[in-house]
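Fold and contact review
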Amino acid sequence: MQVLKFGGSSVANAINISKVAEIVKDKSTATKTIVVVSALGGITDTLLLCSSLAAKGDETYKQKLQEAEQRHLQTVKELIPITQQSSVLSWVKTTCNEIEDICNGIFLLGELSERTKDRIVSYGELLSSQIIAAKLKAELGACEWVDARQIITTNSNFGSASVDFAVTNKKIADYFKASKANLFILPGFISADANGIGTTLGRGGSDYTAAILAGALNADVLEIWTDVSGMMTADPRIVKNVKIIPQISYQEAMELSHFGAKVIYPPTIQPVMSKGIPVWVKNTFAPQDAGTVIQQDATQNGTSIRGISSINKVALLMLEGSGMVGIPGFSKRLFEALASKKINVIIITQSSSEHSICVGVDEANGDEAKKAIDDTFAYEIETKKVNPLIVEKEVSIIALVGDNMKSHPGISGKMFGTLGRNGVNVRVIAQGSSERNISAVISVHDVKKAINVLHEEFFETVYKEVHLFIAGVGNVGSKLVAQLAHQHKYLLDNLRLKINIAGLANSKKMLFNNDGIDLNNWKELLDAGEPMNMASFVQTIQSKNLRNSIFADVTANEEVATYYDQLLQKSISVVACNKIACSSSYGYYKKLKNLATEFNTSFLFETNVGASLPIIGTLNDLLRSGDKVNKIEAVLSGTLNFVFNNYDGTKSFASVVKQAQDEGYTEPDPRLDLSGKDVMRKIMILVRESGEQIEMDDITNNTFMPAECMTGSVADFYKSMEKNEAHFKKIYDAAVKDDSKLKFVAKYENGKASVGLQHITPQQDLYHLYGKDNVVLFFTDRYKDQPLVVKGAGAGAEVTASGVFADIIRASRA
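Residues numbered from 1 in each chain as written. Predicted model: local features only at pLDDT ≥ 70, side-chain atom pairs only at ≥ 80, totals over all residues. Heavy atoms only, no water.

1. Brief notes about unusual backbone geometry
Most peptide bonds are trans, and most residues other than glycine sit at a negative phi. Its identity is not glycine, yet Arg 496 carries a phi of approximately 50°, on the positive side. On the secondary structure map, Arg 496 appears in the loop between α16 (488–495) and β19 (497–505). A relative accessible area of 44% places Arg 496 in the partly exposed class. Phi at Ala 611 is positive, roughly 55°, even though this residue is not glycine. Mapped onto the elements of the fold, Ala 611 is located in the loop between β24 (603–604) and α22 (615–624). Overall, the relative accessible area of 4% leaves Ala 611 in the buried class. (Helix = DSSP H or I, 4+ residues; strand = E, 2+ residues; numbered from the N terminus. Buried < 20%, exposed > 50% of the residue type's maximum accessible area, 1.4 Å probe, protein only.)

2. Some details on the sheet that holds strand β13 (residues 345–350)
One open sheet accounts for six strands, arranged β13-β14-β12-β15-β17-β16; its pairing is antiparallel. Each of the sheet's edge strands pairs with one partner strand only, and the pair in question is β13 and β16 (426–431). Pairs of neighbouring strands in the sheet enclose a mean axial angle of 30°, with direction left out of account. Sheet topology note: the β13/strand β14 (residues 356–362) ladder contains five bridges and is antiparallel. (Pairing = 2+ DSSP bridges. Axes fitted to C-alpha atoms, helices over the stretch in contact; angles between N-to-C directions.)

3. Quick notes on the packing of aromatic side chains
Each aromatic ring pair is characterised by the separation of its centres together with the angle its planes make. Counting across every chain of the model gives 21 aromatic pairs. Where Phe 704 meets Phe 744, the ring centres are 6.1 Å apart and the plane angle is 65°; that geometry is what we call edge-to-face. You can see Phe 704 sitting in the loop between β26 (699–702) and α27 (714–723) and its partner Phe 744 sitting in strand β27 (residues 741–749), a full 40 residues away along the chain. Note on Phe 704: relative accessible area 6%, which makes it buried. Judged by its relative accessible area of 3%, Phe 744 falls in the buried class. Here Lys 631 stacks its cationic end above the ring of Phe 779, 4.8 Å away from the centre of that ring. (Phe/Tyr/Trp six-rings, centres within 6.5 Å; stacked < 30°, edge-to-face > 60°. Lys NZ or Arg CZ within 6 Å of the ring centre and 35° of its normal.)

4. Section: the nonpolar core
With 90 residues, the main nonpolar core has Phe 6, Ile 34, Phe 176, Leu 186, Leu 222, Met 231 and Ile 294 as its most contacted residues. The element contributing the most residues to this core is helix α5 (residues 114–140), with ten residues. If we skip the residues at most four places from it in the chain, Met 231 touches Lys 243, Ile 244, Ile 245, Ile 248, Ala 253, Leu 256, Val 263, Ile 264, Val 281, Thr 292 and Ile 294. Met 510, Val 538, Ala 654 and Met 696 belong to the second largest nonpolar core, which has 84 residues in total. (Core = buried A, V, L, I, M, F, W, Y, C linked by side-chain atoms within 4.5 Å. Contact = heavy atoms within 4.5 Å.)

5. Some words on helix α10 (residues 330–340)
All of the buried residues along α10 are Phe 330, Leu 334, Ala 337 and Leu 338. Buried residues in α10, looked at end-on, bunch into an arc of 95°, giving them a common side. Of the exposed residues in α10, those oriented more than 90 degrees away from the buried face are Lys 332, Ala 339 and Ser 340. Residues of α10 that are buried in the fold lie against β12 (307–320), β13, β14, α11 (366–376) and α12 (378–382). Where α10 ends, the next residue or the one after it, Lys 342, has phi of about 55°, a positive value. (Arc of directions from axis to C-beta.)

6. Remarks on the sheet that holds strand β29 (residues 773–780)
Note: strands within a sheet are paired through backbone hydrogen bonds, in either parallel or antiparallel orientation. One open sheet accounts for six strands, arranged β26-β28-β27-β25-β29-β30; its pairing is mixed. Each edge of the open sheet is held by one strand with a lone partner, namely β26 and β30 (788–793). Each adjacent strand pair in this sheet contributes to an overall mean axis angle of 20°, direction not counted. Together, β25 (629–635), β29 and β30 form the strand contacts of α22, whose direction differs from that of β29 by roughly 10°. Most of the contacts of helix α26 (residues 677–689) go to β27, to which it runs at about 35°, and overall it touches β25, β26, β27, β28 (752–760) and β29.

7. Considerations on the side chain of Ser 478
Looking at the secondary structure, you find Ser 478 in helix α15 (residues 475–486). Once you skip the residues sitting within four places of it in the chain, Ser 478 turns out to touch Val 473 and Trp 522.

8. With respect to the packing of helix α1 (residues 14–27) against α5
Helix-helix packing is characterised by the crossing angle of the two axes and by the distance between the axes. Two elements in contact, α1 and α5, have axes separated by 10 Å at closest approach and are oriented at 55°. As far as their axial angle goes, α5 and α1 are oblique. Judged by the twist between their axes, the crossing of α1 over α5 is right-handed. Judged by residue contacts, Ile 17, Ser 18, Ala 21, Glu 22, Val 24 and Lys 25 of α1 engage Ile 132, Lys 135, Leu 136, Glu 139 and Leu 140 from α5. Tallied by class, residues from the contact of α1 with α5 come to six nonpolar, one polar and four charged. (Parallel < 35°, antiparallel > 145°, perpendicular 65-115°, else oblique. Left-handed = near helix turned anticlockwise from the far one by under 90°. Nonpolar A, V, L, I, M, F, W, Y, C, P; charged D, E, K, R; others polar.)

If you want it as structure tokens, here you go:
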């Protein structure tokens, strides 16, 4: 004996029903088979809508009923041979007339009872089962239609009736024992009370019907045929890389279905679990797929978690007050108030102090629940012993489910750590005594991100997916995009890291794509993007709320830097090539560092000093290991080092500076480099990272540039330098006379910082520095006589982009 159940998507139309017929033909050759079917997809909702419209006096219900009738008639014409259609079409027409008559009565009375509603919706399954029975008779020659109302007996709780199993099991056993047929078809969902009045088993009740039959008949197997190839590790509409669960225990399946897994109706498991009947979840549209088997014991799947699920549209009810402490009966009265209104409780948690209790209910019942509870505790509220009930809406419950969680310490820590790193605030936590389920209440707006990061943490053995948003795609930014594209396969293969560029922006346009912008033609796509507005760019990043989000600032723009705090507060990591934030006021710099710590995210800016040289990282490592920085000497401008390494008086100083700009070594405005202001920023950042509080005004700038060169436009700047060539030649000649090289040196010692041009002799550490190289000398408690030296290329688009890239990888792996 086997029971097969086909859901609404499986019987949505004639094409799908034909697939069902093929499966039934194949399955029914081996053993006695019972087929349970739902209404045609969407019909139950249509019938409920029509009855509701009729009760409101809205005559549009007639048109909708007519459309439903035509759909059923058309299904018959497409499924049944013409010679056998007449009786089926006539029966469908008569049944649809009955539905219309009932709706007409509702329209005249202007009221709709739960009993009448049950009567209306029952027609969906009655129609579909008769049509499918006719199809099977036409193809197989024999198929017995059974009215489920005659064999499933319930109480009179219309809308969601409870089954009388003692009576029902006997009726089922007697009926099928007496029948000689080998193939049966029944309407799911519907039943009747002891007086023969129609009832229903609740939405999704067709699964339950099949399970009731399987349990009563001790069937060998129950198969639930749907539109997916089994139960999955998460909702495939939310998570792209879901996995089929090959095996799952009855208890795990019940937990997952309770917390929103739509594949199977929660009560389905109960009738078959006590009998040890396996339940298969199969795909009507891919019958060859293995599917999922639900049974008493399921083998390990390599992780202690079996699946992740969620319930949306939940309302949190919070009752608290000092008058609750140590007083028995508060919880009892709370639950009695909810039970009196037939409001189901989804989640419960209570503080150990007994000062508060919190429950979750369906959001639609939130207002009714508040009134009932406030009425129950009216005296306590009036006497200030208890506060009026607080109702918080727009929250959801997410749940990790797995039988083996109890034997694996650290699951909760891993779950909440993952959520915290992605800025998901947990409102309520609950765990059953079986340790089979860990539930958390979060904002409904965080559900997609939360489920994705948890799935990635517990199930992804392939890669971690990062969503990157880049502001600035000029010289350095475009090189960064090229490097990301080039290294895409390497990151997947070696670091299990997939970096999707989900957003790009330049000064004119911005572009977004949650699945990743096509890097083969990103320039054309960006040109066709929407107008750039930094506030909108940041707001869009925040509203997308994507997991593992990183913002990379590859601009030199002051406005962009003002948005870092907003991003960090949403647990969005910030990677800054832009020096402005870290060299702005100490208060803002410190605020950003603190926000990164508070919101468990990354604020990285290695390229602020020395392009991709590991200067800041090395400094941080020194301090973390307990060392103390006493003195810093550095050449921090690749531009100025290039200029003074190439200027020998044979060609003008201005032409050498122009060469440096053309080769991409300077800031967009070269005066930032030549004035020493850029070096001041860099030494200030290093001093701050050493643990000292310092502002730009605290740094002495011994500039070598004539004041007149620093006014006007960039073009004026170059003209003025040509005019002052004698000044630069004099500086160079003085160094040559002193057997020295010119280096623009930054220095910090004894709480004081300065920058300026110096004569460096061959005996000094800074002498052998060529091209665009930078060097930093750290004199610390451990490195007293011989400093720790970091040296290398300190300018250039490629190396700077690689430094930003390295910070992105660090943030990704944090």
